[in-house]
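# Observations on the three-dimensional arrangement
Spelled out from the first residue to the last, the chains are:
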Amino acid sequence: MSPSHTAANPHADPADLHGQDFLVSLLVHALVIGAIIMLALWEVHHTPEPLQRIQVSMITPGELNRMIHQAARAKVREHEKPVHVQQKPSQMPSLSKPAPKEKSKPKETFNPFVPLESKQDVTTSSTSHTHNKAMAQMQMQQLSQQEINRYIAMIQAAVQQHWKVPLSLGRVKNPLVELRLRPDGRVVSIHILESSGDTALDASLVRAIMAAAPFQLPRKQFEAFRDNQIRFIPSVNQQQ
Amino acid sequence: MRLISSLLLGLLMLAVSSPASAVEFQIYQSGYKPLQLAWEIDADPSLHLQSSQLGDIVQNDLATSQSFVTMNPLSFLDSAADSWKQVTYGDWRLIGTDVLALCRLTVTANGWKAEVQVHDPFRDKQLGTSSFTAANGDLRPLAHRISNYIYQTVLGIPGYFNSHILYVRKLKNSSELVYMDQDGANQQVVARNFPILLSPNWSPDGKFVALNAYVGDQPRIELLDLQTGSLQTIANFGGLNSTPAFSPDGRHIAATLSYAGNPQIYIYDLRTKKWRLFTHHGDINTSPTWSPDGKWIAFTSNRNGSPQIYRKSMETGEVHAVSLVGDYNTSPAWSPKGDRIAMISLKNWQYAVATVNVDGSDIRYLATGKVETPAWSPNGQMLIYAYSHQGLRQLYEVPSWGGHPQAVTPVSEDASYPAWSR
């Protein structure tokens, strides 16, 4: 725009624009206020449904069999001590596939919708260390190997990309690094368990991990990735 | 090819999950990568010219090593003055700084003072701090010392930035010996008017140069005193007198003489001033190079038909083959670290600068073309060689672990036979 053009009609355009702007802003305000009112009303009318949860556990057929047997045994014991293994009704899935009622079902049949075995692990508090380990074990089994490999591959790719070895080293060993992670994928600590024998190379490993972090981790199966051990293989030790 | 294969290996890594809760896996190095270097210098505004010159030299040194790549100061979040007060590692991590080098240049009563700090932002750590002084005048030696300090602090290996290079410059009718800093600066002619000049070799103390000079059409081995410029003839026999090489202790010079028939390797004792025969195999034996411990000499020989590299023990006289691959391997140069030997190798009808383990294993090709006479940097990380292109030779250097070749001398002159100070 040349200055002469704007100078030609200095009054007409701005006045027009102000009028239109005012209208548009009024409309927008009205819309927004309307939307807020609608939402507020909708929120009131929307009664919160009771919490529903369906827990799905990946288990092998063998484990399933074992669970069925245990359930059967538990039911038998239920006769003697009925208080002990009573299911909580809140954990029962209730919506689309109504679970068969306890009364109508014969006692020896296994109800697959009730988390029997996994209940012990999931509901116990995660503070206990031994239970944590058991949980990690369980999760390692449940999370398929393929899935674990996928997350490992992501960590490998990220660290490898950031691993900078800036010159050739003499004879070095393959260093082993312990990497502790937080659930959000950030680094808690890095320890060189086995040094390469070269301080500059050891430093490059820490730099690589710090530069690659945070890592993407499976949220629920995080326990499997809390403690990691990485063996680094420098070029000089790779097969030609 | 190596890079691709190692990359593939890296992608097809073994994922092993241990029975315990810890995940265990491997990560393969894929090639060599330079560290990102941020250089910041704080100085009085009146020293702007000097401080930027100092920075240019240091950054050029570290970048040509190809172990570092310098970062653009426009991306820096903190000024040099801020960083000298307090280094905010997070700011440097944010822009991917692997190494932060801080410098402060001040004027003293009789020269310069440079304080240097080296930081590792990803490890939240100061790696070292030091201070350097220099008399008034050229800032280059001071800059090279700073480069050496940063290089050694980060990599744990001594730098080579204060070293020098000698080479032969061929003019129309004569040749001259040129001396320069490793970065190509401060060129000066130290000896001139040779009809032909070949293979200069430094003494370990850097004071003398043994060279193969022609007087008329007669080759001689001469000893040049770099301080006085005087020449002393040490071999003037009939036939060939060529390829001198100082022993690591500086007492002996190995060279090729042919007055007794076939070219053989002889060893000259600088104290007794006597030559003695070292190889006595019937065929051609030439271009000796010493192992850094002085216990072996590697050389080129055609004893089995084609030119190949062998090494012979000074103590026992036993001989082993060094080059095992190809029909043509010449011009050996033993690395100052002792583990590898550089040479010129014919591969797929092309000459190449190659390095090989002393036992002949793990050959690696670094640069191809019409290449000749490789020589090592004093720390064993770089190789310099002559590359012939359209009739003119130019000196190139390449990292001994790969990287890309980069020119050291200009295209306008014919440069050959590089020798790196030790």
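Residues numbered from 1 in each chain as written. Chains lettered and ligands numbered in written order. Predicted model: local features only at pLDDT ≥ 70, side-chain atom pairs only at ≥ 80, totals over all residues. Heavy atoms only, no water.

## Concerning the overall build of chain A
- If you tally the helices and strands in chain A, you get 7 helices and 3 strands.
- In chain A, the order of α-helices and β-strands from amino to carboxyl end is α-α-α-α-α-α-β-β-α-β.
- Looking at chain A as a whole, 31% of its 240 residues qualify as buried.
- Intrachain contacts of chain A at a sequence separation of at least 6 include 70% that bridge at least 24 residues. (Helix = DSSP H or I, 4+ residues; strand = E, 2+ residues; numbered from the N terminus. Buried < 20%, exposed > 50% of the residue type's maximum accessible area, 1.4 Å probe, protein only. Contact = heavy atoms within 4.5 Å.)

## Some points on the pattern of salt bridges
Residues and elements named next belong to chain B.
- One pass over the structure, following the stated rule, counts 22 salt bridges over all chains.
- For Asp 124, the salt bridge identified is with Arg 93, shortest N-O distance 2.8 Å. Of the two residues, Asp 124 sits in the loop between strand 6 (111–120) and strand 7 (125–135) while Arg 93 sits in helix 4 (residues 89–94), which places them 31 residues apart along the sequence.
- The class of Asp 124 is partly exposed, set by a relative accessible area of 48%.
- As a salt-bridge pair, Arg 393 and Glu 372 come within 3.1 Å of each other at their nearest N and O atoms. (Salt bridge = Lys/Arg side-chain N within 4 Å of Asp/Glu carboxyl O.)

## Here's the deal with the sheet that holds strand 8 (residues 164–170) of chain B
All names here are of chain B.
- Strands sit in the order 10-9-8-31 across an open sheet of 4 strands; the sheet is antiparallel. Among the strands making up the open sheet, the edge pair consists of strand 10 (188–194) and strand 31 (414–420). Taken pair by pair, the neighbouring strands of this sheet meet at an average axis angle of 20°, ignoring direction.
- As paired elements, strand 8 and strand 31 share 5 bridges and run antiparallel to each other. Paired with Ile 165 across the strands is Trp 420, a residue of strand 31. (Pairing = 2+ DSSP bridges. Axes fitted to C-alpha atoms, helices over the stretch in contact; angles between N-to-C directions.)

## Concerning the interface of chain A and chain B
- With 38 residues of chain A at the contact, the number on the chain B side is 40 residues.
- Buried surface at the junction of chain A and chain B, both sides included, amounts to about 3,900 Å², of which 56% is carbon and sulfur.
- The largest share of the area that chain A buries against chain B comes from Gln160(A), Leu167(A) and Arg207(A), three residues that together contribute 18% of it.
- In this assembly, chain A and chain B are joined by 2 salt bridges.
- Notably, a salt bridge pairs Arg207(A) with Asp120(B), separated by 3.1 Å at the nearest N-O pair.
- Linking chain A to chain B there are 17 residue pairs in polar contact (both at pLDDT 80 or more).
- No other element matches helix 6 (residues 145–162) of chain A, which puts 8 residues into the side of chain A that touches chain B.
- Residue classes in the side of chain A that touches chain B are distributed as 21 nonpolar, 12 polar and 5 charged.
- Pairing analysis gives 6 bridges linking strand 3 (residues 227–233) of chain A to strand 2 (residues 23–28) of chain B, with the strands arranged parallel. (Buried area = accessible area lost by both parts, 1.4 Å probe. Polar contact = N/O pair within 3.5 Å; in protein donor to acceptor, adjacent residues only side chain to side chain. Nonpolar A, V, L, I, M, F, W, Y, C, P; charged D, E, K, R; others polar.)

## Regarding the domain arrangement of chain B
Residue and element names in this part refer to chain B.
- Examined at the domain level, chain B breaks down into domain 1 (6–12 + 163–420) and domain 2 (35–155).
- Each of domain 1 and domain 2 has a C-alpha centre, and the two are 36 Å apart.
- Facing the 14 residues of domain 1 at the interface are 11 residues of domain 2.
- Between domain 1 and domain 2, the buried area comes to about 810 Å², and carbon and sulfur atoms account for 37% of it.
- Scanning the region where domain 1 abuts domain 2 turns up 1 salt bridge.
- Residue Arg 140 is joined to Asp 183 by a salt bridge in which the shortest nitrogen-to-oxygen separation is 3.0 Å.
- The interface formed by domain 1 and domain 2 includes 6 residue pairs in polar contact (both at pLDDT 80 or more).
- In terms of residue class, the side of domain 1 that touches domain 2 is made up of 4 nonpolar, 7 polar and 3 charged. (Domains from an automatic or database assignment.)

## A few points about helix 7 (residues 199–212) of chain A
All names here are of chain A.
- For helix 7, with 14 residues, the first-to-last C-alpha span of 20 Å sits near the 20 Å given by 1.5 Å per residue.
- In terms of burial, helix 7 is largely enclosed, as 12 of its 14 residues are buried.
- Here helix 7 has its buried residues at Ala 200, Leu 201, Asp 202, Ala 203, Ser 204, Leu 205, Val 206, Arg 207, Ala 208, Ile 209, Ala 211 and Ala 212.
- The N-terminus of helix 7 is capped by Asp 198, whose side-chain oxygen sits 2.9 Å from the backbone nitrogen of Ala 200. (Expected span 1.5 Å × (residues − 1).)

## Observations concerning the side chain of Asp61(B)
Residues and elements named next belong to chain B.
- When you line up the elements, Asp 61 lands in helix 2 (residues 48–64).
- Buried and unpaired, Asp 61 has no salt bridge, with Arg 140 as the nearest side chain of opposite charge at 6.4 Å.
- Engagement of the side chain of Asp 61 in a polar contact is seen with the side chain of His 144, the distance being 2.6 Å.
- Those residues within four positions of Asp 61 in sequence are excluded, and the remaining contacts are Ala 143, His 144, Ser 147, Phe 161, Gln 182 and Asp 183. (Lys, Arg positive; Asp, Glu negative; His and termini not counted.)

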